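Geometric and topological summary
Below, each chain spelled out in residue letters.
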Amino acid sequence: MKLLAISDLHLDNKKNRVALLELQSQGDSWLILAGDICTRADILAESLKVLKSRFSEIIWVPGNHELWLDQPDIYTSSVEKYFALVEICRELGVHTPEDEYPVFPGQSPFRVAPLCLLYDYSFRPAHVQHEHAVAWAVESGVLCRDESMIATEPFSSIVEWCQARVDYTRTRLERLEDDVPLILVNHFPLRYDLSRTMRIPRFSIWCGTRHTEDWHKRYNVHAVVSGHLHMRSTDYRDGVRYEEVSLGYPRDWRAEKGIGHYLREILPGPSLHYHHAGPFWKMRL
């Protein structure tokens, strides 16, 4: 029995949808879907049905693409769309950030906490002021489509919505019993230093919030799962494993290997050989 994870399936792309249908059954394993599965609610529902036939349990968190108002005549805001997607998941028996955190019953129990945390433009250099963050990114030719595709009503901005989600999630985590270690799952990375955007470095402002940077120490965290960057990686901070589990667009992965090749094992976890690399630990791949 394994806890597996993947993100950024981008199933609006036909090639990725075809590859999903070819994914073999994983028996009693659980699957974490760490966001950007698709933008359309109907595709999400159909894809979850396929995955429910391949895995014992599914755990879903939204990415920014799920929040896009690609069909604005259906939803008045991204907040409304998010809760509509939560209801779709619940109808299919899929765990969401609004539900009780499930406990994965492996050799020892781990609580999987799916989170809906956003970004607040704080993943930026210290010299860039908040109110200038988007303009700073645009100077380098970068502008995330979120700026035109996400509407945050009733919140005044993505920053306010992000803060509300951080406060809500922190309250839930602090109420948990500390004896069961956590697997935190969020679409966006929880640390600025892991928001690798080398090709488009100023895209980092759309990649998370600094409010979560110490959560691996604040709570009893075993591992953190995220996506968004389309740069698969395994890193360690203070002994806690951080997994970026993106699949990505067809250009980001090899179709001949199939989606199954890109499922990342979170539990029981990889066999590790550590070497010290300055102020943090990394895995020798």
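Summarised in this report is the structure supplied together with it.

**A closer look at helix H2 (residues 41-52)**
Between its terminal C-alpha atoms H2 stretches 16 Å, which fits the 16 Å expected from 12 residues at 1.5 Å a residue. Here H2 has its buried residues at Ala 41, Ile 43, Leu 44, Ala 45, Ser 47, Leu 48, Val 50 and Leu 51. Those residues of H2 hidden inside the fold are in contact with helix H1 (14-21), strand E2 (30-34), strand E3 (57-61) and helix H3 (78-91).

**A closer look at the packing of H1 against H2**
Put simply, H1 and H2 touch, their axes get as near as 10 Å, and they point 25° apart. As far as their axial angle goes, H2 and H1 are roughly parallel. Where H1 approaches H2, its residues Arg 17, Leu 20 and Leu 21 are matched on the opposing element by Ile 43, Ser 47, Val 50 and Leu 51. In terms of residue class, the contact of H1 with H2 is made up of 5 nonpolar, 1 polar and 1 charged.

**Some details on the pairing of strand E7 (residues 221-226)**
The buried count for E7 comes to 5 of 6 residues, which makes it a mostly enclosed element. Examined bridge by bridge, strand E6 (residues 182-185) and E7 share 4 bridges and lie parallel to one another. Within the sheet, the bridge partner assigned to Ile 183 lies in E7 and is Ala 223. Bridge count between E7 and strand E9 (residues 240-244): 4 bridges; the pairing is parallel. Within the sheet, the bridge partner assigned to Ala 223 lies in E9 and is Arg 241.

**Looking at the packing of H2 against H3**
Where H2 meets H3, the closest approach of the two axes is 10 Å, and the angle between their N-to-C directions is 20°. Judged by the inter-axis angle, H2 sits roughly parallel to H3. Where H2 crosses over H3, the two elements pack in a sense that is right-handed. In contact with Ala 41, Leu 44, Ala 45 and Leu 48 of H2, H3 contributes Leu 85, Ile 88 and Cys 89. Residue composition of the contact of H2 with H3, grouped by class: 7 nonpolar, no polar and no charged.

**Here we look at the pattern of salt bridges**
Taken as a whole and assessed by the stated rule, the structure comprises 19 salt bridges. Ionic pairing is found between Arg 165 and Glu 98, a salt bridge with its closest N-O pair at 2.8 Å. One end of the pair, Arg 165, is in helix H6 (residues 158-174); the other, Glu 98, is in the loop between H3 and strand E4 (103-105), and 67 residues separate them in sequence. The partner of Asp 167 in a salt bridge is Arg 170, and the shortest N-O contact between them spans 3.6 Å. With Asp 167 and Arg 170 both in helix H6, this residue pair falls 3 residues apart, about one helical turn.

**Points about the side chain of Thr 197**
With respect to the helices and strands, Thr 197 occurs in the loop between E6 and helix H7 (215-218). For Thr 197, a relative accessible area of 11% puts it in the buried group. Of note is the side chain of Thr 197, whose polar atom sits 3.2 Å from the backbone oxygen of Pro 201. Excluding its chain neighbours within four sequence positions, the residues that come into contact with Thr 197 are Phe 203, Ser 204, Cys 207 and Leu 229.

Thresholds applied
Residues numbered from 1 in each chain as written. Predicted model: local features only at pLDDT ≥ 70, side-chain atom pairs only at ≥ 80, totals over all residues. Heavy atoms only, no water. Helix = DSSP H or I, 4+ residues; strand = E, 2+ residues; numbered from the N terminus. Expected span 1.5 Å × (residues − 1). Buried < 20%, exposed > 50% of the residue type's maximum accessible area, 1.4 Å probe, protein only. Contact = heavy atoms within 4.5 Å. Axes fitted to C-alpha atoms, helices over the stretch in contact; angles between N-to-C directions. Parallel < 35°, antiparallel > 145°, perpendicular 65-115°, else oblique. Nonpolar A, V, L, I, M, F, W, Y, C, P; charged D, E, K, R; others polar. Pairing = 2+ DSSP bridges. Left-handed = near helix turned anticlockwise from the far one by under 90°. Salt bridge = Lys/Arg side-chain N within 4 Å of Asp/Glu carboxyl O. Polar contact = N/O pair within 3.5 Å; in protein donor to acceptor, adjacent residues only side chain to side chain.

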